Amino acid sequence: MNGFDRLITPVTYQEAIIVTQGNSYRADRKQRAVALWNAGTHAANGTFSVRKAIETQGLTAPSAIVSIGKAASAMALGALEKFEVEIPTLVITKYDHTAPELAANATTSVIEAAHPIPDENSLIAGRKALDFVTGLTAEDRLMLLISGGASSLAEVLAPGITLDDLKSLNQDMISQDRTIEEINAARRKLSLIKSGGLLSHFKGAHVDVIFISDVLKDDPNVIGSGIGSVGTQTSPPFSINSFVAANNQQSRQAVADEVTAQNLPVIENAESLYGEISDLAKTLAEKLRNGENGVYVWGGEPVVNLPENPGNGGRNQALALLLARELHGQDDIAIVVGGTDGTDGPTAAAGGVVDGNTYDRDQGHDAAIAQANAGDALAGVDSLLITGPTGTNVMDLIVAVKGP
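The following refers to the structure shown. (Residues numbered from 1 in each chain as written. Predicted model: local features only at pLDDT ≥ 70, side-chain atom pairs only at ≥ 80, totals over all residues. Heavy atoms only, no water.)

**Comments concerning the overall build of the protein chain**
- Helix and strand content of the protein chain: 14 helices and 12 strands.
- Here the C-alpha radius of gyration of the protein chain, 21 Å, is about what a compact globule of 404 residues would show, namely 22 Å.
- Considering only C-alpha atoms, the protein chain reaches an extent of 65 × 45 × 35 Å along its principal axes.
- Burial analysis of the protein chain (404 residues in total) assigns 57% to the buried set.
- Across the protein chain, the fraction of contacts at a sequence separation of at least 24, relative to all contacts at a separation of at least 6, is 79%.
- Per element, the accessible surface of the protein chain, about 15,500 Å² overall, is 49% carbon and sulfur.
- Here the protein chain carries 29 positive and 48 negative side-chain charges, and the mean point of each set is 2 Å from the other. (Helix = DSSP H or I, 4+ residues; strand = E, 2+ residues; numbered from the N terminus. Rg over C-alpha atoms; globule rule 2.2 N^0.38 Å. Buried < 20%, exposed > 50% of the residue type's maximum accessible area, 1.4 Å probe, protein only. Contact = heavy atoms within 4.5 Å. Areas by Shrake-Rupley, 256 points an atom, 1.4 Å probe, with all protein chains shown as cover. Lys, Arg positive; Asp, Glu negative; His and termini not counted. Charge placed at Lys NZ, Arg CZ, Asp CG, Glu CD.)

**Describing the nonpolar core**
- Grouped together as the largest cluster of nonpolar side chains are 34 residues, with contacts concentrated most on Ile68, Leu142 and Ile146.
- Contributions of two or more residues to this core are made by strand S1 (64-68), strand S2 (89-94), strand S3 (108-113), helix H6 (120-134), strand S4 (141-147), helix H7 (150-153) and strand S5 (206-212).
- Looking at this core element by element, the count peaks at 5 residues for H6.
- Not counting the four nearest positions on each side in its chain, Leu142 is found in contact with Pro62, Ala64, Ile65, Val66, Val133, Leu136, Leu199, Phe202, His206, Val207 and Asp208.
- If you look at the next biggest cluster of nonpolar residues, it comprises 32 residues, including Ile277, Ile335, Ala368 and Leu378. (Core = buried A, V, L, I, M, F, W, Y, C linked by side-chain atoms within 4.5 Å.)

**Structural notes on the sheet that holds S5**
- If you walk across this open sheet you meet the 6 strands as S3-S2-S1-S4-S5-S6, and the pairing is parallel. Strand pairing shows two members of the sheet lacking a second neighbour, S3 and strand S6 (239-246), which therefore form its edges. The mean angle between the axes of side-by-side strands here comes to 15°, regardless of whether they run parallel or antiparallel.
- Note: S4 against S5, 7 bridges, orientation parallel. When the bridges of S5 are listed, Ile146 appears paired with Phe211.
- On top of the sheet, helix H3 (residues 46-57) reaches S4, S5 and S6; it is set at about 135° to S6, its chief contact.
- Relative to the sheet, H6 contacts S1, S2, S3 and S4, its axis offset from that of S3 by approximately 150°. (Pairing = 2+ DSSP bridges. Axes fitted to C-alpha atoms, helices over the stretch in contact; angles between N-to-C directions.)

**Notes on the sheet that holds strand S8 (residues 294-300)**
- Read across the sheet, 6 strands follow the order S7-S8-S12-S9-S10-S11 without closing on themselves; strand pairing throughout is mixed. The open sheet has two free edges, formed respectively by strand S7 (266-273) and strand S11 (384-385), since each of these has just one partner strand.
- Here strand S9 (residues 333-339) runs beside strand S12 (residues 396-402); their pairing, made up of 7 bridges, is antiparallel. When the sheet's bridge partners are listed, Val337 is paired in S12 with Ile398.
- Running over the sheet, helix H10 (residues 248-261) touches S7, S8 and S12 and is turned about 170° from S7.

Interpretation in functional terms is not warranted from these geometric data alone.
Now the structure itself:
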């Protein structure tokens with residue numbers, strides 16, 4: 001069963017499928033935390049979110065669809081299933097993130113590229129998107145579906161900029177505790193299709209832009225580095241309707257609603273995961289140690305400083321292991337830390353599932369933290385969260401369950 005199969009099926013607190021390395025959760029508290037995390041991620045799934053947005057906005061079938069980002073496959077499926085007509089569609093997504101239904105669709109073209117560091121396919125994809133949009137006629141109506149990851153997955157570089165330049169910029173910035181807003185601002189300066197560049201080539205009548213947001217305040221100029229915005233065009237020669245179909249608040253609220261339905265207390269629900277992960281681990285651990293029994297839900301996108309030659313893992317795995325160390329010996333707390341897109345940095349894991357027994361100094365966990373090798377450390381104690389592609393990307397999500 002792949003990530004699309006699992007998350008397109010309705011998921012409830014009781015029914016959520018628990019997937020982890022070794023599939024060996026020992027404590028029911030961990031199972032409850034993972035089930036809640038899955039429910040929150042599922043609520044922002046691109047297929048459901050786009051279908052609902054089309055219904056809510058009363059949108060009619062476009063003459064063409066372009067979908068770019070980690071959730072591009074699920075978002076395109078939502079639109080095609082809703083309209084039930086053949087529509088020329090271009091999907092640009094991360095490697096191994098294409099739903100089987102799209103691969104078999106005769107009117108859909110799919111290009112997969114690299115994330116978080118772009119590759120040659122990213123340039124091929126960017127040129128394909130630009131040619132696709134430029135080729136539309138005056139009567140055409142475009143639907144543009146944008147989710148996080150679009151910055152890396154599709155690019156047309158400004159004159160004089162090379163792919164190596166782009167790779168170096170991305171690698172340097174994600175290693176130096178830069179926020180996504182700072183990273184995307186730098187990316188826009190090198191691009192001909194970001195910050196309104198793509199839509200500046202559209203000669204049609206109307207554009208509907210549907211976003212799944214992975215940034216603070218859902219700014220369309222930051223999501224995908226503005227690949228779905230009109231940039232500085234104050235009066236574009238076409239009408240445009242832009243809106244956000246899913247974001248971190250929606251995901252967190254779904255967790256809170258599920259907790260309430262189970263007659264459990266929600267102690268905190270906040271988009272507060274900003275700052276460096278070492279500082280966050282101390283702050284969150286203190287809240288959990290001193291707080292009441294119940295469920296804590298946090299969202300956002302923290303940053304990390306990487307050492308030279310980092311090991312295996314991403315910021316969510318690193319934060320999970322740091323929390324496990326901070327709460328070592330605490331026997332009443334379980335925590336899930338995961339990227340809602342199902343991947344954490346350059347790894348196949350979404351994050352980690354930890355409690356007071358996870359951290360083990362004798363297994364070299366302190367060294368793993370120092371070397372940014374949390375992925376291997378968590379794998380060694382069956383504590384990786386592995387979901388496969390989730391069909392969404394609404395930043396990171398933490399669910400912590402304290403008490404019986």
